[in-house]
Amino acid sequence: MSRFWSPVVQTLTPYVPGEQPQMERLVKLNTNESPYGPSPKALAAINQQNTDDLRLYPDPEGLALKKAIADLHGLDPKQVFLGNGSDEVLAHVFLGLLKQAKAIQFPDITYSFYPVYCKLFGIDYQTVPLGPDCEIQTENFKAPNGGIIFPNPNAPTGRAIPRSDIEALLSRNTESVVVIDEAYVDYGTESCIPLLRGSTCPENLLVVHTLSKSRALAGLRVGFAVGHPALIEGLERVKNSFNSYPLGRLAQAGAIAAIQDQAHLESTSKKVIQTRERLVSELASLGFDTLPSTANFIFTRHPKHAGAKLYQALRDRGIIVRHFKSPRIEEFLRITIGTDDQTNELIAALKEILASA
Ligand SMILES: Cc1ncc(COP(=O)(O)O)c(C=O)c1O
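Residues numbered from 1 in each chain as written. Predicted model: local features only at pLDDT ≥ 70, side-chain atom pairs only at ≥ 80, totals over all residues. Heavy atoms only, no water.

## Quick word on the overall build of the chain
Stage number 1. Across its full length, the chain holds eleven helices and twelve strands.
Stage number 2. For 357 residues, the compact-globule estimate of 2.2 N^0.38 gives 21 Å, and the C-alpha radius of gyration of the chain, at 21 Å, lies within 12% of that figure.
Stage number 3. Taken across its 357 residues, the chain has 52% of its residues classed as buried.
Stage number 4. Partitioning the intrachain contacts of the chain with sequence separation of at least 6 by distance along the chain shows that 74% fall at a separation of at least 24.
Stage number 5. On the chain, roughly 16400 Å² of surface is accessible, and the fraction owed to carbon and sulfur atoms is 52%.
Stage number 6. Looking at charge distribution, the chain has the averaged site of its 36 positive side-chain charges lying 3 Å from that of its 38 negative ones. (Helix = DSSP H or I, 4+ residues; strand = E, 2+ residues; numbered from the N terminus. Rg over C-alpha atoms; globule rule 2.2 N^0.38 Å. Buried < 20%, exposed > 50% of the residue type's maximum accessible area, 1.4 Å probe, protein only. Contact = heavy atoms within 4.5 Å. Areas by Shrake-Rupley, 256 points an atom, 1.4 Å probe, with all protein chains shown as cover. Lys, Arg positive; Asp, Glu negative; His and termini not counted. Charge placed at Lys NZ, Arg CZ, Asp CG, Glu CD.)

## With respect to the side chain of His-209
Stage number 1. Note that His-209 resides in strand 7 (residues 205-210).
Stage number 2. Residues in contact with His-209, not counting those within four places in the same chain, are His-73, Ser-86, Glu-182, Val-185, Ser-191, Ile-193, Gly-223 and Phe-224.

## Some words on the sheet that holds strand 12 (residues 332-336)
Stage number 1. Read from one edge to the other, the open sheet built from three strands follows the order 9-10-12, with strand pairing classed as antiparallel. Looking at the sheet topology across the chains shown, the edges are occupied by strand 9 (289-290) and strand 12.
Stage number 2. The sheet contact formed by strand 9 and strand 10 (residues 297-301) spans two bridges and is antiparallel. Of the residues in strand 10, the one forming a bridge with Thr-290 is Thr-300. (Pairing = 2+ DSSP bridges.)

## Observations concerning the site of the ligand
Stage number 1. Around the ligand sit Gly-85, Ser-86, Asp-87, Leu-90, Tyr-111, Asp-181, Ala-183, Tyr-184, Thr-210, Ser-212, Lys-213 and Arg-221, and those are all the residues in its vicinity.
Stage number 2. Tyr-184 places a polar side-chain atom, nitrogen or oxygen, 2.7 Å from an oxygen atom of the ligand.
Stage number 3. Separating an oxygen atom of the ligand from a side-chain N or O atom of Arg-221 is a distance of 2.8 Å.
Stage number 4. Tallying contributions element by element places helix 4 (residues 86-98) first for the shell around the ligand, with three residues.
Stage number 5. Taken together, the residues of the shell around the ligand sort by class into four nonpolar, four polar and four charged. (Near = heavy atom within 4 Å. Polar contact = N/O pair within 3.5 Å; in protein donor to acceptor, adjacent residues only side chain to side chain. Nonpolar A, V, L, I, M, F, W, Y, C, P; charged D, E, K, R; others polar.)

## Description of the nonpolar core
Stage number 1. If you look at the biggest cluster of nonpolar residues, it comprises 49 residues, and the most contacted ones within it are Leu-65, Phe-150 and Val-226.
Stage number 2. When residues of this core are assigned to their parent elements, the largest contribution, six residues, is made by helix 8 (residues 249-260).
Stage number 3. Beyond its immediate chain neighbours, meaning those up to four positions away, Phe-150 contacts Pro-107, Tyr-114, Ile-136, Thr-138, Phe-141, Ile-161, Ile-166, Leu-169, Val-179, Ile-180 and Asp-181.
Stage number 4. Counting residues in each nonpolar core, the second largest holds 27 residues, with Tyr-117, Cys-118, Ile-149 and Ile-232 among its members. (Core = buried A, V, L, I, M, F, W, Y, C linked by side-chain atoms within 4.5 Å.)

## Here we look at the packing of aromatic side chains
Stage number 1. Counted under the stated rule, the structure contains 14 aromatic pairs.
Stage number 2. With centroids separated by 5.7 Å and ring planes inclined at 70°, the aromatic side chains of Tyr-15 and Tyr-111 adopt a geometry described as edge-to-face. Of this pair, Tyr-15 sits in the loop between helix 1 (7-11) and strand 1 (27-28) while Tyr-111 sits in the loop between strand 3 (104-107) and helix 5 (113-121); the two residues are 96 residues apart in sequence, bridging distant segments of the chain.
Stage number 3. When the centroid spacing of 5.5 Å and the interplanar angle of 85° are considered together, the rings of Tyr-111 and Tyr-114 count as edge-to-face. With respect to burial, Tyr-111 and Tyr-114 carry one shared label: buried. (Phe/Tyr/Trp six-rings, centres within 6.5 Å; stacked < 30°, edge-to-face > 60°.)

## Comments concerning unusual backbone geometry
Stage number 1. A cis amide bond links Ala-143 with the next residue in sequence, Pro-144, at an omega value of 0°.
Stage number 2. Tracing the chain through its elements places Pro-144 in the loop between strand 4 (125-128) and strand 5 (148-151).
Stage number 3. A cis amide bond, omega 0°, links Asn-152 with the succeeding residue Pro-153.
Stage number 4. Relative to the helices and strands, Pro-153 is located in the loop between strand 5 and helix 6 (163-172).
Stage number 5. Although it is not a glycine, Asn-32 adopts a positive phi angle of roughly 55°.
Stage number 6. Within the secondary structure, Asn-32 sits in the loop between strand 1 and helix 2 (40-47).
Stage number 7. Phi is positive for Cys-134, which is not a glycine, with a value near 65°.
Stage number 8. When you line up the elements, Cys-134 lands in the loop between strand 4 and strand 5.

## Quick look at a nonpolar patch on the surface
Stage number 1. Side chains of Met-1, Trp-5, Val-8 and Val-9 sit close together on the surface and give an oily, nonpolar patch of about 410 Å² of accessible area.
Stage number 2. Considering the arrangement of structural elements, one finds Trp-5 in the segment before helix 1.
Stage number 3. The exposure class of Trp-5 is partly exposed, given its relative accessible area of 39%. (Patch = residues over 30% accessible without salt bridge, like charges linked within 9 Å, V, L, I, M, F, W, Y side chains within 5 Å. Salt bridge = Lys/Arg side-chain N within 4 Å of Asp/Glu carboxyl O.)

## Concerning the pairing of strand 4
Stage number 1. Examined bridge by bridge, strand 3 and strand 4 share four bridges and lie parallel to one another. Across the sheet, Phe-106 pairs through a bridge with Thr-127, a residue of strand 4.
Stage number 2. Of the crossover connections in this fold, the one passing from strand 3 over helix 5 to the parallel strand 4 is right-handed. (Right-handed = clockwise from strand over helix to strand, strands pointing away.)

## With respect to the pairing of strand 5
Stage number 1. Of the two faces of strand 5, the one holding Ile-148 and Phe-150 and the one holding Ile-149 and Pro-151 are both buried throughout.
Stage number 2. In this structure, strand 5 lies alongside strand 6 (residues 178-181), joined through four bridges in parallel fashion. Bridging across to strand 6, Phe-150 finds its partner in Ile-180.
Stage number 3. Following the chain from strand 5 across helix 6 to the adjacent parallel strand 6, one finds a crossover that is right-handed.

Honestly, that's just the spatial picture; any functional story needs more than this.
In C-alpha cells, the structure reads:
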C-alpha cells in the first residue's frame, strides 16, 4: 500500500494466475497448457527471424498474421483483431465494447478474470446462475443488458453448449454485443466462427481465441478476436490508444506458422481428447464425479474427499492441479489433461491418497 496509489488501484482485487512453480520434478496440471510442444514449423519460423530486425518495431497491425487467421477461418482480415494473449484482447473488449450504461451479464461460475476487468474499468455486471449440472442456460441471459460474455466451453467447468443455443441467444439479444470466449474450443466444441462468414455476419457477435492452449504457445502471448469489421474497428481504436505494438516480431512469425499448421493442432488435440476420456473413466472407477468436458481440462469431485485436501495431497506428491476456494465449486479440482505418463502418475497418486484417507 502506498499513499501514491490512485483510488482505483486501492479498490482492485487482481486476478491470480495459476502457479508456475519452480520445483524440479513436477507434474504440472494446473494452467491448461498443452502437454505437447508447439508446431515445429512455428519454432522454425521463430528461429529463422533475422535477429538484426529486432532493432526495428514490428508491424503494428500484424497484417500477415491477420491474413493467416482470416484464411484459416474463411473471413476477411478486417474481421480480425490481435492482442498480446487473449487476456489483453479481452481487456480491450471490456473497455471498448462492454463498458456501457447497462450492466453486462456473465455466468456466476466462469473465467474469474471477467469480474476483475469489470472492477478495473468500472463496469457494472450481473451474474447469471448456471443450471443444476453447471450448464450455461442461455435463456437466462435477459435483455436489456450492456453485453453478454461467456466461454464456450465454460471455464472452469469444461461444459459446452451447442452453436444453435448461441444463435438463438443472438436472435433474442440484438441490442448488445455477445462475446464468446473460445479459448478451449479445439477439444470438441462447435465454434461460432462460421456464423461470422460472408454477408450474414451478425453485427454484435465477437469470438475470442488464444494460441496458448491447442496451439501450445502460452509463452508467446498471442490471442485474437474475430467479428464484424465495425466491432474490430472499435477494438483497434482502444488498442491504438494503449499500445500500438502488442505483438513482437517473434510472436507474429511464430503465430503465422502455428496458424498455418492445422495438422499439428488436430493431431495434438486428438491425443488430448483420448487421454481426457481415459482419465474420466479411470476417475469414475475411483468414485469421482466429473462434469462432461469438451476442454483440455476436467472439473471433478469426490463425494467423500474434500477438494482442498485432495489438492494438497496431490501437491505433496509433486502433482499440481487447480483448486478454487469459491462457494459452490470448492469441492472440485480442475485438472489439466497431460500426457499419458502424467495421467498414469496422477491416477496412481489418487489411488494412494484415497487408500490412505
Ligand atoms: C476462458 C479463458 N479465456 C482466456 C484465457 C487467457 O488466455 P491467454 O491470455 O493465454 O490467451 C484463459 C486462460 O486461462 C481462459 O481460461
